[in-house]
Amino acid sequence: MTLWGWLVVVACGIAAVPAGIRWLRIAQREHYLPLAVTRFSVRWWTAGYLNRVLAAGAIIAAAAEWGWAGVGLIAAAVEAHGPVGLGLRGVTSSLVWTKRLVRVAVTTTVVMGGSLAAAVATGQAAVAAAALVAMPAAVDAALAINRPLERAMNQKWVKEAARRLGEVAPTVVAITGSYGKTSTKLYLAHLLAGNKRVTASPASFNNRMGLARAINERLSAGTEIFVAEMGTYGPGEIAELCSWIPPDVAVITAIGPVHLERMRTEDHILACKSEILTPGATAVLGVDHPGLSRLAESEAQNGRQVIRCSGEEAGGEVWVNPHSGEVRVEGNLIGKVDLRFHHPLNVAAAVGAVSALGMDPNQVAGLLGTLPSPEHRLATMVNQRGVTVMDDTFNANPAGASAALHRLVEHSPPGGKRVVVTPGLVEMGPRRRIENRALGRAASQAATHLLVVGRTNRRDLLAGATEGSASVLVLENRLQAVRWARANLDRGDTILYENDLPDHYP
């Protein structure tokens, strides 16, 4: 190998450190899912003219190293510092050196080390340059290699949780859905608390290790009902959870185009969510989605007890009127909820779960007026300056965004500014562009000012916004939007923060 070749190999080895840290942060934020890092690398390197030029330069330089020794140094320089905008530690999605991340880092180092060794052995520095350019794939390979090990290491906590659950023996309510899971869980726990000893999985602890931790740390003797939120990124995951957390009541709140990036179709999403319907479980289904309506019919015909819930005109055994907030069970009015703070379908699903547990819904009717508002899910407050702030930053689906915009129009003080701040919607798969154009159009029609944040969905949001009348402003991040709001909004104005993307998104 020539001197230039050695310089390229050494430079690539050094550049792999900052590059690796950047992509490891993506891996951690995306729940260590293989292929996620490569997918995000494409997003970053195609975000903006400068990153596209740098990416092209790095690829060309790595390829050219086969014939022109030393040009691979360009690839090393680009990969050490790019993509532009993706920081090493992050602010809203900071890197945390957990034991699991360290293990991924070690495996990634072995993979990259093998590539550098191959470059030296073959005398081709281009191998090192190519491996550096493909660093995201190396991290994904490390995630795939480590996955069986991680599962085996965590199995002891799952066994302990299964043992603990069997020992305490609570009635289990399992809740899933494309959206509405956390809100429904919060509502149900509140409604039951006056009559039963309830433990609910915290926050979004809805995967294998999160639920194991919730049971091991929170499930105390005497607990009568355990409410478990269950999420999934693919087939078999909910079925595996139900194998050691068997539900007595299974709730599916809604189906929508969330996680289409991974699961491709809503039918596939429905199939994955339906794994929660284990034998013997009473089904509580949000029948506003046609797929869930058909599922309700099919399950009832097969002898399963099914409680249909609706937040639209369709009705069901439990129906929350989307205009008045009236809550009806089997046609009987039991109470009312404030639609400024609560989504009708989520309330209906919670009341349906109460009925599925064999309780009289009238027992909990008095608590409907005191339902807590989920954090960052259309939580509304008036700040010291008299500006109404609607925080919907954890709501990342088209139905939720539509409901938030409707509420913005319905409940904003007359004459005031109506501002929407959004980076758009992600994980929409093939529907990402369509859904974000629709969001841009709806937001521009509902608001007086639309603040488009970040680059991820900028083009589609702006395309949709041309069909409305709002004044449109493009900003790089949410902090700039907050500064704009402080400088431009006053008493009587309303601002809606619709979804929020952490800074591992471009």
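Everything that follows concerns the structure shown earlier in this document.
Please read these numbers as outputs of a predicted model, since none were measured by experiment.

Draft legend 1. Examining the packing of aromatic side chains more closely. Counted according to the given criterion, the structure contains one aromatic pair. Considering the side-chain rings of Phe40 and Tyr505, the 4.9 Å spacing of their centres and the 65° angle between planes classify their relative orientation as edge-to-face. Of this pair, Phe40 sits in helix α2 (residues 36-45) while Tyr505 sits in the segment after β15 (494-498); the two residues are 465 residues apart in sequence, bridging distant segments of the chain. The aromatic ring of Tyr497 is capped on one face by Arg478, whose charged end is 4.7 Å from the ring centroid.

Draft legend 2. Quick peek at unusual backbone geometry. A cis amide bond links Gly82 to the next residue, Pro83, at an omega of 0°. Its location among the elements puts Pro83 in the loop between α4 (72-81) and α5 (99-122). Even without being glycine, His31 reaches a positive phi, approximately 60°. Here His31 lies in the loop between α1 (3-29) and α2. In the Ramachandran plot, Glu330 falls in the positive-phi region, its phi being about 50° despite a non-glycine side chain. Structurally, Glu330 can be placed in the loop between β8 (326-329) and β9 (332-336). Looking at Glu330, the relative accessible area reads 57%, which means it is exposed.

Draft legend 3. Quick peek at the pattern of salt bridges. Scanning the model with the defined rule gives 22 salt bridges in all. For Asp460, the salt bridge goes to Arg433, with nearest N and O atoms at 3.0 Å. Here Asp460 is found in helix α17 (residues 458-465), whereas its partner Arg433 is found in helix α16 (residues 432-446), with 27 residues between them in sequence. Arg458 is the salt-bridge partner of Glu476, the closest N and O atoms lying 3.1 Å from each other. One end of the pair, Glu476, is in the loop between β14 (471-475) and α18 (478-488); the other, Arg458, is in helix α17, with 18 residues separating them in the sequence. Taking relative accessible area as the criterion, Arg458 reaches 17% and is therefore assigned buried. A single network of salt bridges, built from pairs that share partners, joins Glu160, Arg163, Arg164 and Glu167.

Draft legend 4. Quick look at the packing of α1 against α4. Where α1 meets α4, the closest approach of the two axes is 8 Å, and the angle between their N-to-C directions is 15°. Classified by the interaxial angle, the pair formed by α1 and α4 is roughly parallel. Judged by the twist between their axes, the crossing of α1 over α4 is left-handed. Where α1 approaches α4, its residues Trp4, Leu7, Val8, Ala11, Cys12, Ala15, Pro18, Ala19 and Arg22 are matched on the opposing element by Gly72, Leu73, Ala76, Glu79, Ala80 and His81. Along the lines of polarity and charge, the residues of the contact of α1 with α4 split into eleven nonpolar, two polar and two charged.

Draft legend 5. Representation of the environment of Gly315. Secondary-structure assignment places Gly315 in the loop between β6 (306-310) and β7 (318-320). Each C-alpha atom of the pair Gly315 and Asp288 lies 8.6 Å from the other, and the pair is 27 residues apart in sequence. If near-sequence neighbours (up to four positions away) are discounted, Gly315 is found in contact with Val287 and Ser310.

Draft legend 6. Molecular detail of the sheet that holds strand β13 (residues 449-453). Strand order across the open sheet formed by six strands is β10-β11-β15-β12-β13-β14, with mixed pairing between neighbours. Strands at the two margins of the open sheet, each flanked by one partner only, are β10 (379-382) and β14. Along the sheet, successive strands turn relative to each other by an average axial angle of 15°, direction set aside. Sheet topology note: the strand β12 (residues 418-422)/β13 ladder contains four bridges and is parallel.

Calculation rules
Residues numbered from 1 in each chain as written. Predicted model: local features only at pLDDT ≥ 70, side-chain atom pairs only at ≥ 80, totals over all residues. Heavy atoms only, no water. Phe/Tyr/Trp six-rings, centres within 6.5 Å; stacked < 30°, edge-to-face > 60°. Helix = DSSP H or I, 4+ residues; strand = E, 2+ residues; numbered from the N terminus. Lys NZ or Arg CZ within 6 Å of the ring centre and 35° of its normal. Buried < 20%, exposed > 50% of the residue type's maximum accessible area, 1.4 Å probe, protein only. Salt bridge = Lys/Arg side-chain N within 4 Å of Asp/Glu carboxyl O. Axes fitted to C-alpha atoms, helices over the stretch in contact; angles between N-to-C directions. Parallel < 35°, antiparallel > 145°, perpendicular 65-115°, else oblique. Left-handed = near helix turned anticlockwise from the far one by under 90°. Contact = heavy atoms within 4.5 Å. Nonpolar A, V, L, I, M, F, W, Y, C, P; charged D, E, K, R; others polar. Pairing = 2+ DSSP bridges.

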